[in-house]
Amino acid sequence: MTDAGAREVTVDLLRAVGDYSSTYLRDPRSERTGSVVDRAELRRGLAAPLSRNGVDAQTVLSELIEHGEPGLLHSGAPTFLGFVMGGAYPVAVATEWLTSVWDQCGALYATSPTAAVVEEAVSRWLVTLFGLPPHTSVGITTGCATANLTGLAAARHHVLAAHGWDVERDGLIGAPPPRILVSQGCHVTVHRALRLLGLAGQVTPVETDDQGRMRVRALEAELTRTSGPLIVCGQVGNVDSGAVDPLEAVCDLAHEYDGWVHFDAAFGMWAAASDTVRHHVSGLEKADSWATDAHKWLNVPYDCGVVLCAHPTSHRAALRTSAEYLTPAVDGGLDPVDYTPDMSRRARSLVLWATLRHLGADGVADLIDRCCTLARRLAAGLAHTDGVTVVNDVVLNQVLVAFTPDDQTTDAEHLTRIVTALQRGPVAWASPTTWRGRPCLRLSVCNWQTTAHDIDQCLAAIVSAHRDAGARLHTPIEEFA
Ligand SMILES: *Cc1c(COP(=O)(O)O)cnc(C)c1O
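Please read these numbers as outputs of a predicted model, since none were measured by experiment.

### With respect to the packing of aromatic side chains
This model, assessed by the stated rule, comprises 6 aromatic pairs. Between F83 and W429, the aromatic rings sit 5.7 Å apart at their centres with planes inclined by 40°, giving tilted as the arrangement. Linking F83 in the loop between α3 (57–68) and α4 (90–102) with W429 in the loop between α13 (411–424) and β10 (431–435), this pair joins segments that are 346 residues apart in sequence. Given a relative accessible area of 8%, W429 falls into the buried group. Taken together through their ring pairs, the aromatic side chains of F80, F83 and W429 make up a single cluster.

This is how it looks when you write it as structure tokens:
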């Protein structure tokens with residue numbers, strides 16, 4: 001195919017996707033939020049063996065849309081409350097597309113000068129937005145899990161170097177054993193990162209309170225038993241309750257023992273951008289590394305996370321690679337490859353740049369405030385319903401709810417019925433968790449489009465699922481046969 005021919009084909013395909021998008025992006029509120037097909041049906045449409053001869057590109061797109069769309073979870077809907085997901089701003093979706101058209105390798109300045117400089121700009125914007133020390137280094141990752149891995153790799157380097165050990169050169173065997181104190185409220189990806197870094201055996205959990213916040217007393221007690229390299233992991237926004245560890249106290253105490261503090265702040269970090277909820281994360285800026293996400297609360301498409309580090313030299317020392325064939329930036333500017341575990345990578349900074357440029361600092365603050373206000377509205381409505389208990393203090397965007405069934409059914413069965421009803425319905429898709437031994441429904445408000453009206457619709461759906469789950473219990477057993 002000639003160059004001009006290939007160009008035509010690309011543009012025609014983009015046009016087809018554009019046309020389809022206007023149908024797909026129509027108001028999803030009248031539909032079922034979840035998948036309408038099962039795995040077997042999806043496999044029939046999508047998992048046939050690879051053919052010998054290919055299929056033309058337009059047909060490929062049509063097939064993918066036909067067989068793929070029924071299995072989508074409409075997590076971008078403004079009434080979707082599951083996990084902590086969020087939707088995507090139009091400017092972000094369009095920039096994702098542009099990123100593909102440009103197809104830049106975001107590894108080095110040499111492989112994409114634009115991506116490297118955009119990443120520098122975005123890095124400064126984020127550091128300012130979060131109120132972190134101005135010299136903080138930044139890496140754009142696939143998500144918060146990779147950001148945790150990166151931040152903790154920097155931590156491992158730093159605390160071992162301070163005890164005369166070069167972990168990048170000598171590995172861990174024979175190293176002075178670090179102590180790693182991890183809030184019991186920390187996300188599973190913190191534990192996985194520590195495992196991948198060979199540090200699983202060094203972990204000591206630190207007790208949390210009824211909201212899931214690290215108990216300062218418990219941390220103090222562990223610290224008095226500590227000498228040698230120390231890392232403390234805290235949680236900024238518990239994945240269930242949204243609770244935030246006492247950040248200031250955690251940092252001050254850990255630093256008295258020359259420890260490194262790493263915070264998982266996948267969504268909680270964004271509270272720092274808002275005047276009204278920033279006080280919930282005061283002390284955030286005192287940590288040594290932070291991991292967060294853009295694909296959740298900032299509402300950019302998957303995938304996009306961010307690692308930030310107050311010790312750029314340690315950050316770079318832990319991640320840096322060099323090879324004869326890689327041309328490093330010689331002008332003192334940044335090579336993104338030195339700050340994350342990837343080498344070749346999507347130029348994710350472009351979407352961050354576009355979204356932040358579009359919103360401005362006030363736009364980000366407004367997004368965060370709006371979601372927190374709506375989470376409180378949802379919680380207030382639920383708290384006024386018989387047999388419903390909001391079990392967390394709604395400090396950010398998370399609402400955690402327990403239900404009391406009105407007869408012999410167990411809490412777990414009752415919750416399963418509620419979840420099933422919500423996941424089959426058009427609004428308030430949500431998922432369960434267990435909070436301090438009690439089955440609970442997790443609700444997260446983090447979509448840029450969500451309105452008070454959406455929240456009221458969700459509230460009505462949850463209340464009616466709760467009533468139906470109870471009411472069904474009075475139905476004679478035979479009816480289930
Ligand atoms: C989602 C989440 C993570 C993991 O982030 P990914 O972006 O999924 O890699 C870590 N911590 C918390 C609190 C989260 O909500």
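Picking up where we left off.
### What to know about the nonpolar core
Grouped together as the largest cluster of nonpolar side chains are 98 residues, with contacts concentrated most on F263, W270, L284, L378, L441, L443 and I462. When residues in this core are grouped by element, the largest group, 15 residues, is from helix α12 (residues 349–383). Listed in part, the 23 residues of the second largest apolar core include A155, C186, L197 and C233.

### Points about helix α8 (residues 188–196)
Buried residues of α8: T189, V190, A193 and L194, and no others. Seen end-on, α8 carries its buried residues on one side only, within an arc spanning 145°. Exposed and facing more than 90 degrees away from the buried side of α8 are V188, R195 and L196. Looking at the packing, one finds that the buried side of α8 touches α6 (144–161), β2 (179–183), β3 (203–206), β4 (230–235) and β5 (260–264). Downstream of α8 by one or two residues, G198 has phi in the positive range, about 75°.

### Points about the site of the ligand
If you check the shell around the ligand, you find 14 residues, and the closest are A145, D264, D293, H295 and K296. Side-chain polar atom of H187 to a nitrogen atom of the ligand: 3.4 Å apart, as the coordinates give it. At a separation of 2.7 Å, an oxygen atom of the ligand approaches a polar side-chain atom of D293. Taking 380 Å² as the accessible area of the ligand by itself, protein coverage stands at 84%. Counted by class, the shell around the ligand contains 5 nonpolar, 6 polar and 3 charged residues.

### Overview of the sheet that holds strand β6 (residues 289–293)
Strand order in the open sheet formed by 7 strands is β1-β7-β6-β5-β4-β2-β3, and the pairing between neighbours is mixed. Single-partner strands in this sheet number two, and they are β1 (137–141) and β3. Pairwise comparison of adjacent strand axes, ignoring direction, gives a mean angle of 20° for this sheet. Pairing geometry for β2 and β3, over 4 bridges, is parallel. Counted as the bridge partner of I180 is V203 from β3. Each of β1, β4, β5, β6 and β7 (305–309) is contacted by α6, which is oriented at about 180° to β5, the strand it contacts most.

### Here's the deal with the side chain of D245
As for its position among the elements, D245 is in the loop between β4 and α10 (247–256). Although buried, D245 forms no salt bridge, and the nearest oppositely charged side chain, R213, lies 6.9 Å from it. In this structure the side chain of D245 is engaged in a polar contact, spanning 3.5 Å, whose partner is the side chain of S183. The residues touching D245, leaving out its near neighbours within four places in the chain, are S183, G212, R213, M214, G234 and Q235.

### Some thoughts on a nonpolar patch on the surface
Together, W97, L98, V101 and W102 make up an exposed nonpolar region whose accessible area comes to about 370 Å². Tracing the backbone shows W97 in helix α4.

### Looking at the side chain of T136
Following the sequence through the fold, T136 ends up in the loop between α5 (113–129) and β1. By relative accessible area, T136 is classed as buried at 0%. Here P133 takes part through its backbone oxygen, which lies 2.6 Å from a polar atom of the side chain of T136. Not counting chain neighbours up to four residues away, the residues in contact with T136 comprise R124, V127, W290, L308, C309 and A310.

### Quick look at the packing of α6 against helix α11 (residues 312–319)
Where α6 contacts α11, the two axes come as close as 8 Å, and the packing angle between them is 100°. The orientation of α6 relative to α11 falls into the category roughly perpendicular. Taken together, the residues of α11 that come into contact with α6 (itself represented by T150, A153, A154, H157 and H158) are S314, H315, A317, A318 and L319. Looking at the contact of α6 with α11 residue by residue, the class counts come to 5 nonpolar, 5 polar and no charged.

### Digging into the confidence of the model for the chain
Per-residue pLDDT for the chain averages 94, and the proportion of residues at 70 or more is 97%. Long-range and interchain partners of residues 472–481, a stretch whose pLDDT sits below 50, account for 9 contacts in this model, where long-range means more than four residues apart.

### A closer look at the pattern of salt bridges
Under the defined criterion, the tally for this structure stands at 17 salt bridges. One salt bridge connects R225 with E222, and the closest N-O pair in it is separated by 3.2 Å. Three or more residues joined by partner-sharing salt bridges are found here, namely R179, E222 and R225.

### Quick word on the state of the cysteines
Going through the model one piece at a time under the given rule, you end up with 0 disulfides. Distance from the sulfur of C372, which forms no disulfide, to the nearest cysteine sulfur (C371) is 6.9 Å.

### With respect to the environment of G185
Note that G185 resides in the loop between β2 and α8. Between the alpha carbons of G185 and C233 there is a distance of 9.7 Å; along the sequence they are 48 residues apart. With sequence-adjacent residues up to four places away left out, G185 is seen in contact with T208, G212, Q235 and N238.

### Brief notes about the packing of α4 against α12
Closest axis-to-axis distance for the α4/α12 pair is 8 Å, and the angle between their directions is 150°. By the criterion of interaxial angle, the relationship of α4 to α12 is roughly antiparallel. Crossing of α4 against α12: the hand is right-handed. Across from V91, A92, T95, E96, T99 and W102 in α4, the residues of α12 making contact are L350, V351, A354, T355 and H358.

Definitions and limits used
Residue numbering note: each chain is counted from 1, following its sequence as written. In view of the model being predicted, local features appear only for residues whose pLDDT reaches at least 70, and side-chain atom pairs are presented and counted only at 80 or more, with totals across whole chains, interfaces and linings using the full set of residues. Hydrogen atoms and water are omitted, and side-chain values are computed over all heavy atoms in the structure. Stacked, edge-to-face and tilted are the three classes for Phe, Tyr and Trp ring pairs, Trp counted by its six-membered ring, which pair at centre distances within 6.5 Å; planes under 30 degrees apart are stacked, over 60 edge-to-face, the rest tilted. By the criteria applied, helices consist of DSSP H or I runs no shorter than four residues and strands consist of E runs no shorter than two, each listed in order from the N terminus. Exposure classes here rest on a 1.4 Å probe applied to the protein chains alone. A residue is buried below 20% of its type maximum, exposed above 50%, and partly exposed in between. Side-chain atoms within 4.5 Å link the members of a nonpolar core, which is a set of buried Ala, Val, Leu, Ile, Met, Phe, Trp, Tyr and Cys residues. In this description, one arc is meant: the one made by directions from the helix axis to the C-beta atoms. Only heavy atoms matter for contacts: two residues are in contact if any of them lie within 4.5 Å across the pair. For this description, a residue counts as near a given molecule or strand if any of its non-hydrogen atoms is within 4 Å of it. Pairing of N or O atoms within 3.5 Å defines a polar contact, subject to two protein rules: one partner must be a possible hydrogen donor and the other a possible acceptor, and residues neighboring in sequence count only if both atoms are side-chain atoms. Using a 1.4 Å probe, accessible areas were evaluated by the Shrake-Rupley method; residue-level cover was limited to the displayed protein chains. Gly counts as polar in this scheme, as do all residues outside two lists: the nonpolar Ala, Val, Leu, Ile, Met, Phe, Trp, Tyr, Cys and Pro, and the charged Asp, Glu, Lys and Arg. By this definition, two strands are paired if DSSP reports at least two bridges between them. In this analysis an axis means a line fitted to C-alpha atoms, helices contributing only their contacting stretch, and an angle means the value between N-to-C directions, from 0 to 180 degrees. His is not counted, nor are the chain ends, whereas Lys and Arg count as positive and Asp and Glu as negative. Basic side-chain nitrogens of Lys or Arg form a salt bridge, by our definition, when they fall within 4 Å of a carboxyl oxygen of Asp or Glu. Patch definition: residues above 30% relative accessible area lacking any salt bridge, with like charges linked at up to 9 Å and the nonpolar side chains Val, Leu, Ile, Met, Phe, Trp and Tyr linked at up to 5 Å. For classification purposes, angles smaller than 35 degrees are called roughly parallel, those larger than 145 roughly antiparallel, those between 65 and 115 roughly perpendicular, and all remaining angles oblique. The pLDDT value expresses, per residue, how confident the predictor is, ranging between 0 and 100. Counting rule for disulfides: a pair of cysteine sulfur atoms within 2.5 Å. Helix crossings fall into two classes, left-handed where the near helix is turned counterclockwise from the far one by less than a right angle and right-handed where it is turned clockwise.

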